[in-house]
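Chain and residue survey
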Amino acid sequence: MGNHMGMLGKANGRRQAMLTDLFEKNGLPYTPELANKMSVMSKEGLLSGEYAWLNYATVYPKAVNIMLKLKDLYDEVLSSVDVIVMPKTLTPANPLPPPDATPVAQMEAAKGMTENTGAFNATGHPALALPIGFVPAKTDESIKLSASMQIVGKWYDEATILLVAYEWEQSVDWKTF
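Residues numbered from 1 in each chain as written. Predicted model: local features only at pLDDT ≥ 70, side-chain atom pairs only at ≥ 80, totals over all residues. Heavy atoms only, no water.

1. Things to note about the overall build of the chain
The test is simple: The numbering of helices and of strands both runs from the N terminus, where a helix is a DSSP run of H or I of at least 4 residues and a strand a run of E of at least 2. Burial here depends on accessible area, computed with a 1.4 Å probe over protein chains only, as a share of the maximum for the residue type. Under 20% is buried, over 50% is exposed, and the range in between is partly exposed. When checking whether two residues touch, look at their non-hydrogen atoms; a contact exists if any pair is within 4.5 Å. Where accessible areas are quoted, they stem from the Shrake-Rupley method and a 1.4 Å probe; at the residue level, only the protein chains shown are allowed to cover.
Counting its secondary structure elements, the chain contains eight helices and three strands. For the chain, the α and β elements follow one another from N to C terminus as α-α-α-α-α-β-α-α-β-β-α. The 177 residues of the chain split such that 24% are buried. Contacts in the chain between residues at least 24 apart in sequence constitute 62% of all its contacts with a sequence separation of at least 6. When the accessible surface of the chain is split by element, carbon and sulfur atoms take 61% of a total near 11,900 Å².

Structure representation (structure tokens):
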């Protein structure tokens, strides 16, 4: 729901700078012509967000409260460590659907790719993903896909994340790891 409002230029409860020129370039408010050019995932985000705002208005405030609790839990963990290192995704990438795939098939292909990243969009903790090696593709084990780790840090401590990432890159050749 918050993403939907952000896409419409009506974000609330956000901590980042709002790029007004970006909203102007996006042609907000959206016209039918612009909506026709959107990906299925963008359309789904707008439609489900609008539906939720109209029919379940209390869900977003509840989600914000849960995000605050999640932020506090990550802050607690980060009080005893410099960074958290975790997989960026839990599974290898899904194959891209064909261009003429149904909207359901397109959304199915994107499912499960944000379990470890979405939380930090909500909590505001800085996070960086970088490649660490290759894993077999789900549909053909002879195809190798890159795997990534995600480094998460304390608020306003992006420098530590960049230092950890730099040290990893200097000590490991991810292409042969």
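2. Focus on the sheet that holds strand E2 (residues 127-136)
For clarity, the cut-off: For two strands to be treated as a pair, DSSP must find no fewer than two bridges joining them. Axes, fitted as lines to C-alpha atoms, cover a helix only where it is in contact. Angles between the N-to-C directions of the axes lie from 0 to 180 degrees.
The strand order across the open sheet built from three strands is E1-E3-E2, with neighbouring strands paired in antiparallel fashion. Of all strands in the sheet, those bounded by a partner on one side alone are strand E1 (83-87) and E2. The mean angle between the axes of side-by-side strands here comes to 25 degrees, regardless of whether they run parallel or antiparallel. Across five bridges, E1 lies against strand E3 (residues 144-153) in antiparallel orientation.

3. Quick notes on the packing of helix H4 (residues 40-55) against helix H6 (residues 103-110)
Under the convention used in this document: The cut-offs work like this: below 35 degrees is roughly parallel, past 145 is roughly antiparallel, 65 to 115 is roughly perpendicular, and the gaps in between are oblique. Residue polarity is assigned by list, with Asp, Glu, Lys and Arg as charged and Ala, Val, Leu, Ile, Met, Phe, Trp, Tyr, Cys and Pro as nonpolar; anything else, Gly included, falls into the polar class.
Here H4 crosses H6 at 95 degrees, and the two axes come no closer than 9 Å. Comparing the axis directions of H4 and H6 gives the class roughly perpendicular. Listed contacts from H6 to Val40, Met41 and Glu44 of H4 are Pro103, Gln106, Met107 and Ala110. Residue composition of the contact of H4 with H6, grouped by class: five nonpolar, one polar and one charged.

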